[in-house]
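What the coordinates show
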Amino acid sequence: LVLKEKNALVLLSKGTPVRTYDAEVGSNALGVKQRQGDRATPEGRYRIVKKKDRGQSRYYRALLLDYPNEADRRRFAAAQRRGEIPRGARIGGLIEIHGDGGRGQNWTEGCVALSNRDLDDLYPRVSAGTRVTIVGGDGRDGAFSDLLAQVGEGRGNGKP
């Protein structure tokens, strides 16, 4: 479970938290993934489709997710029909949970980055097919929740 607003990846086993890792997400951390190049981390339900060991990724190690999945493609097509995304835009892909994180800021192009040490801990605990859910937040605290509270109080600069 990736909680974007808390910069956390929570490893669950049968619904019980086993370990929590610090995580960094796309530099457009509060943004909703719409298309390639928007630097937002997608939200939804995914699966790990491939484990990339050292030398198989541009990063230390990586867990490739099945983004875009069918739900993402439907959302993208609907947004294009509504004119929210230009016709020539592409949905993107190659979303991974990868190493080289631990920078203390959101910097990726849409992936989830862990420190190499944390990825070394996570890597043997998961396999192809492992489910990954990415959410903005849980509404209790963090950047998303604070923004929504400000909007609700009339202090926000627009709609959430």
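All figures in this text were calculated on a predicted structure; none of them were measured in a lab. (Residues numbered from 1 in each chain as written. Predicted model: local features only at pLDDT ≥ 70, side-chain atom pairs only at ≥ 80, totals over all residues. Heavy atoms only, no water.)

**What about unusual backbone geometry?**
With an omega of 0°, the peptide bond running from Tyr67 to Pro68 counts as cis. Inspection of the secondary structure assignment puts Pro68 in the loop between β5 (62–65) and α1 (70–81). Unlike most non-glycine residues, Arg39 shows phi in positive territory, near 60°. Given the relative accessible area of 32%, Arg39 is considered partly exposed. Positive phi, normally seen in glycine, also occurs at Asp100, with a value near 70°. By the secondary structure assignment, Asp100 is in the loop between β6 (96–98) and β7 (112–113). (Helix = DSSP H or I, 4+ residues; strand = E, 2+ residues; numbered from the N terminus. Buried < 20%, exposed > 50% of the residue type's maximum accessible area, 1.4 Å probe, protein only.)

**Looking at the layout of surface pockets**
Considered as a void within the structure, the largest pocket measures approximately 450 Å³ in volume. Lining the largest pocket are 20 residues; nearest its centre among them are Leu1, Leu12, Thr130, Arg131 and Val132. Per-element tally for the lining of the largest pocket: the top contributor is strand β2 (residues 8–13), with five residues. Its residues assigned to classes, the lining of the largest pocket comprises twelve nonpolar, four polar and four charged. Size it by volume and the second largest pocket reaches roughly 350 Å³. The wall of the second largest pocket is formed by 18 residues, among which Gly93, Leu94, Ile95, Glu109 and Cys111 lie closest to the centre. (1 Å grid on protein atoms, 1.4 Å probe; cavity = no way out; pocket = protein on both sides within 12 Å on 5 of 7 lines; lining within 4 Å. Points joined across faces, edges and corners; volume = space filled by probe spheres on them. Nonpolar A, V, L, I, M, F, W, Y, C, P; charged D, E, K, R; others polar.)

**What about the environment of Glu109?**
Looking at the secondary structure, you find Glu109 in the loop between β6 and β7. A relative accessible area of 48% places Glu109 in the partly exposed class. C-alpha separation for the pair Glu109 and Leu94, spaced 15 residues apart in sequence, amounts to 10.0 Å. Apart from the residues within four sequence positions on either side, Glu109 is in contact with Lys33, Arg39, Ala40 and Arg58. (Contact = heavy atoms within 4.5 Å.)

**Comments concerning the pairing of β2**
Two elements, strand β1 (residues 2–3) and β2, share two bridges in a ladder whose sense is antiparallel. Its bridge partner being in β2, Leu3 is matched across the sheet by Ala8. Once β1 ends, the chain turns through four residues before running back antiparallel as β2, passing Asn7 with a positive phi of about 50°. Counted between consecutive antiparallel strands, the loop separating β2 from strand β3 (residues 16–22) contains two residues, among which Lys14 sits at a positive phi close to 55°. (Pairing = 2+ DSSP bridges.)

**Considering the side chain of Glu24**
Structurally, Glu24 can be placed in the loop between β3 and β4 (44–52). Buried within the structure, Glu24 lacks any salt-bridge partner; Arg103 is the closest side chain of opposite charge, at an N-O distance of 5.2 Å. One polar contact links the side chain of Glu24 to the main-chain amide nitrogen of Gly104, over a distance of 2.7 Å. Once residues lying within four places of it in the same chain are set aside, the contact partners of Glu24 are Asn7, Gly101, Gly102, Arg103, Gly104, Gln105, Asn106, Trp107, Thr108, Cys111, Val112 and Ala113. (Lys, Arg positive; Asp, Glu negative; His and termini not counted. Salt bridge = Lys/Arg side-chain N within 4 Å of Asp/Glu carboxyl O. Polar contact = N/O pair within 3.5 Å; in protein donor to acceptor, adjacent residues only side chain to side chain.)

**With respect to α1**
With twelve residues, α1 extends 17 Å between its outermost C-alpha atoms, agreeing within 8% with the 16 Å of an ideal straight helix rising 1.5 Å per residue. If you check which residues of α1 are buried, you get Asp72, Phe76, Ala78, Ala79 and Gln80. Contacts from the buried residues of α1 go to β4. Count one or two residues on from α1 and you reach Gly83, which has phi positive near 80°. (Expected span 1.5 Å × (residues − 1).)

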